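A look at the structure
The chain contents come next:
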Protein chains: 4
Amino acid sequence: MTQASEFIVQSWVNTTESPTLQDLRGRVVLIKAFQMLCPSCVSLALPQAQEVHRTFSQDDVVVLGLHTVFEHHATQGSRAALEAFVHEYRFTFPVAIDAPSETGPIPRTMAAYEMQGTPTTILIDRSGKLRLHQFGLERDLALGARIASLLGEPATLAEQPATSLGAATGCKVQPPAS
Amino acid sequence: MTQASEFIVQSWVNTTESPTLQDLRGRVVLIKAFQMLCPSCVSLALPQAQEVHRTFSQDDVVVLGLHTVFEHHATQGSRAALEAFVHEYRFTFPVAIDAPSETGPIPRTMAAYEMQGTPTTILIDRSGKLRLHQFGLERDLALGARIASLLGEPATLAEQPATSLGAATGCKVQPPAS
Amino acid sequence: MTQASEFIVQSWVNTTESPTLQDLRGRVVLIKAFQMLCPSCVSLALPQAQEVHRTFSQDDVVVLGLHTVFEHHATQGSRAALEAFVHEYRFTFPVAIDAPSETGPIPRTMAAYEMQGTPTTILIDRSGKLRLHQFGLERDLALGARIASLLGEPATLAEQPATSLGAATGCKVQPPAS
Amino acid sequence: MTQASEFIVQSWVNTTESPTLQDLRGRVVLIKAFQMLCPSCVSLALPQAQEVHRTFSQDDVVVLGLHTVFEHHATQGSRAALEAFVHEYRFTFPVAIDAPSETGPIPRTMAAYEMQGTPTTILIDRSGKLRLHQFGLERDLALGARIASLLGEPATLAEQPATSLGAATGCKVQPPAS
C-alpha cells in the first residue's frame, strides 16, 4: 500500500474550504473523478457518490468529486459551467477542479494518479493510503462493504515520521550547494 | 388545430441543412425542446427522442432537438458546448439552437410556443398542424401510438394557398409606396 | 396474412365471459402468452401488457393474457395458483388458461400457434388476421406504434359470411331431418 | 441486543444440509423472509440476497431465504412450487421453508420474530445476536456497509456459558432434588 498522492487543485465548488488529503487524515475518503460531459459519470458515478455522501457521516467518510477535464476543454473547462452543472444535478459534496497541465490535455492530479479516464473511483483509508483505484464503476453493495471495511480499521499513524508536518510547513536546512 | 409556428433558429448541429417546418410538410415532426444541463432532458427526454429517431423511417417521422437555453446562458449557450454534448451522448438527430431573444432570457421559438420549460414535446402532423404540446414526458407506449396515429392521416394540403411556395422564393410585385 | 387461430381455452381468470377471437372481430387484440414462473414474463412482458391495457380504450384494443404452461405443470398448472398470481401482481386484463394437451407438455393454443416459448406476443388486426407473432419482447415505443397502426386500418369483413353472427345468436331454420 | 431466535424449519431447498443459527455462529447471517407471490420480494429483495451471496465469501457471510407463507397457502405452500420458483429465478442460496403453524396462517419462525410481512430482512452477527430486523428493503450501499461493519466485529463468545454445547448434546449432572 502506497500513500495517496495529494490533490493538485485549481479551485473548489460546493465548499468554501480547500481540503487536502493531509487535512482529512483519520477519515475514509472517496474520490470520484469525472467530466460533466461523460454520460456514465452523470448517470451512474456521481449519483453513487451522492448516495455515499448521504449514507455515511462526514465525520467518517468524506466524498469528493474531482473534475478531471481531459477533452472538450473549452466547453467543460470553465468554473461557471461546472457550478451550473453541480447546481442543476443537486450534487452537494465538494468538487475539486483538477489543475490543468501546462504541457498537455491531462490535468495534473489525473496524471499523478495515472487514471485511465472517467469515471474513476479512488478510496483512501484513515491513514491516507490508497486502497482502491478503479476505472469504471463498482456495484453499490460492494462499494458500501469496502467503505465500511476501511471504517473498521484504526488510523495507523506509525509510519508517519514525527517531522512530517514540518517537512511541508517548517524550516529546513538546505543541503549546501556543491 | 392551429398551424405550428415556424422555428426561429440560430444555427443547427448534426446537420448541414437548415430544415423549416414548411420543408417538412408531409411528414410527422417530433420536436424535443431541451437544455443540456436539465437532468430529465438528458436522462429521459433525449434518449426517448433518439429511440423515436431509430424506430421510424425518416421519410415518415423527423425528430428534431431544440436547444432552448433560458438559464445558465453563459455555460449552455455556446455552440461548442452543445456540439460536445451531442457528440458525447451519441445523439444523431438534428438539433436546432433556438435564437436568443434581445429582450429577455427566453429564446424566441420557446417564447413563440409559450413553453413552460424543458423538456417539452411538440408533435406536428403531416399538414403542419400542432397536435401535441406537452411539458414533461409521455410514456413510450403512448408516444409510439400517437406518432403512428398521425402517420395514418393523409397530409391535407387544401389550406395551403397555391402561391405559398412562391411567397418565399418567387417574384412578387411590391405595393407601390404611397 | 393468415387468419389467426381461435384460442382453445380451459377457463378464464379476471373475466366472467369467455371471449373468442370471433367475438372480438372489429377490435385489435394483443395476446401475451406467459408462464407465472417465467422471470421475463413477470418482470417485463406482463407489465407491458398492463400498460397497453391502460393506454388504449377497450373498445379499440383488447389485451389478453394466455397462460401457456409447458413446464412445471404440477406447480403452475392449477387455476388457484394463477388466480393468486394475477391478484398479487394486480394484473387486470382477462387471462385465459390454455387447454392442456392430452399427448404432451405443450398446451393446445400454444401448439396451434407453434410458439417457441414464453413470453410470446401475438397481435391480431380488426379483421382477425395474425399480424405479429414474436417470441420475446418488443420495445414499448415500437409496440405502441404497431398497435396504433392496426387501429388505423378498417375492419375488412368481406371474408366473414353473412350468417356468422346469426349462427351464434339468431334464429335459424334447421335443415329437415331426412 | 438479544440473541436471535432459532429457525423452526419444515425443510430446505438448495441445500442438502439443515443449518441452524447455532451452526452458523462465527459468521454473519443475512435472512430474507419472502413469499414467491410477493412482487417486491421477487423483483427486489431476492435479487439483493443473491447479490450479497455472490459478493461475500460464504466463510464470512451466509445468505438464507426463508419462505414464510402467510397467505395463498394452497398455492405457495408446496415444496414443489418453491423448488420450481427457485430454479427458474436462478437463486442459488439455501432457502428454508418456515414451519406452518397448527393454529393460524402465520408460520412459526415468522411468528417468533413478529415479522410484519414480506420481504423482511434479518441480520445476525457473528455472536448470534439480532442486529437488524427490517420490514421492506434497504438500499444496497447501506446494506453492504452494514454487513461489512458486522464482519469487522469479533465473535464475542463470552456470554455463552462453557457448557452450552454440552447442554444440548452431553451428559450433565442433574441438581439433586431437595
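The notes below deal with the structure included here. (Residues numbered from 1 in each chain as written. Chains lettered and ligands numbered in written order. Predicted model: local features only at pLDDT ≥ 70, side-chain atom pairs only at ≥ 80, totals over all residues. Heavy atoms only, no water.)

1. So, the nonpolar core
The biggest cluster of nonpolar side chains holds 136 residues, and the ones touching the most others in it are Phe85(A), Phe85(B), Phe85(C) and Phe85(D). Excluding residues that lie within four positions of it along the chain, Phe85(A) makes contacts with Phe34(A), Met36(A), Val42(A), Leu46(A), Phe91(A) and Leu37(B). (Core = buried A, V, L, I, M, F, W, Y, C linked by side-chain atoms within 4.5 Å. Buried < 20%, exposed > 50% of the residue type's maximum accessible area, 1.4 Å probe, protein only. Contact = heavy atoms within 4.5 Å.)

2. Comments concerning the interface of chain D and chain A
Taken residue by residue, the interface counts 14 residues in chain D and 14 residues in chain A. Taken together, the connections running from chain D to chain A amount to two salt bridges. Of the charged contacts in the structure, one is a salt bridge between Arg139(D) and Glu51(A), with a shortest N-O distance of 2.3 Å. For the pair chain D and chain A, the interface holds four residue pairs in polar contact (both at pLDDT 80 or more). Going through the elements one at a time, helix H2 (39–55) and helix H6 (140–151) of chain D are the ones with two or more residues in the side of chain D that touches chain A. (Salt bridge = Lys/Arg side-chain N within 4 Å of Asp/Glu carboxyl O. Polar contact = N/O pair within 3.5 Å; in protein donor to acceptor, adjacent residues only side chain to side chain. Helix = DSSP H or I, 4+ residues; strand = E, 2+ residues; numbered from the N terminus.)

3. Observations regarding helix H4 (residues 79–88) of chain A
Every α-helix carries 3.6 residues per turn, so stepping three or four residues along brings you back to the same face. Every buried residue belonging to H4(A) is among Ala81(A), Leu82(A), Ala84(A), Phe85(A), Val86(A) and Glu88(A), and all of these are buried. Among the residues trailing H4(A), Arg90(A) stands out with phi positive, at a value near 60 degrees.

4. Comments concerning the state of the cysteines
Residues and elements named next belong to chain A. Under the definition given, this model contains two disulfides over all chains. In this model cysteine 38 forms its disulfide with cysteine 41; the gap between the sulfur atoms is 2.5 Å. Of note, the bridge from cysteine 38 to cysteine 41 carries an S-S torsion of about 75 degrees and is right-handed in sense. (Disulfide = S-S within 2.5 Å.)

5. Looking at the packing of aromatic side chains
Residues and elements named next belong to chain A. If you walk through the whole model with that rule in mind, you get 24 aromatic pairs over all chains. Relative to phenylalanine 91, the ring of phenylalanine 85 lies with its centre 6.0 Å away and its plane at 50 degrees, an arrangement referred to as tilted. The same class applies to phenylalanine 85 as to phenylalanine 91, namely buried. Taken together, a centroid distance of 5.9 Å and an interplanar angle of 35 degrees make the contact between phenylalanine 91 and phenylalanine 93 tilted. With relative accessibility at 7%, the residue phenylalanine 91 sits in the buried group. For phenylalanine 93, a relative accessible area of 1% translates into the label buried. One aromatic cluster is present, formed by Phe34, Phe85, Tyr89, Phe91 and Phe93 through successive ring pairs. (Phe/Tyr/Trp six-rings, centres within 6.5 Å; stacked < 30°, edge-to-face > 60°.)

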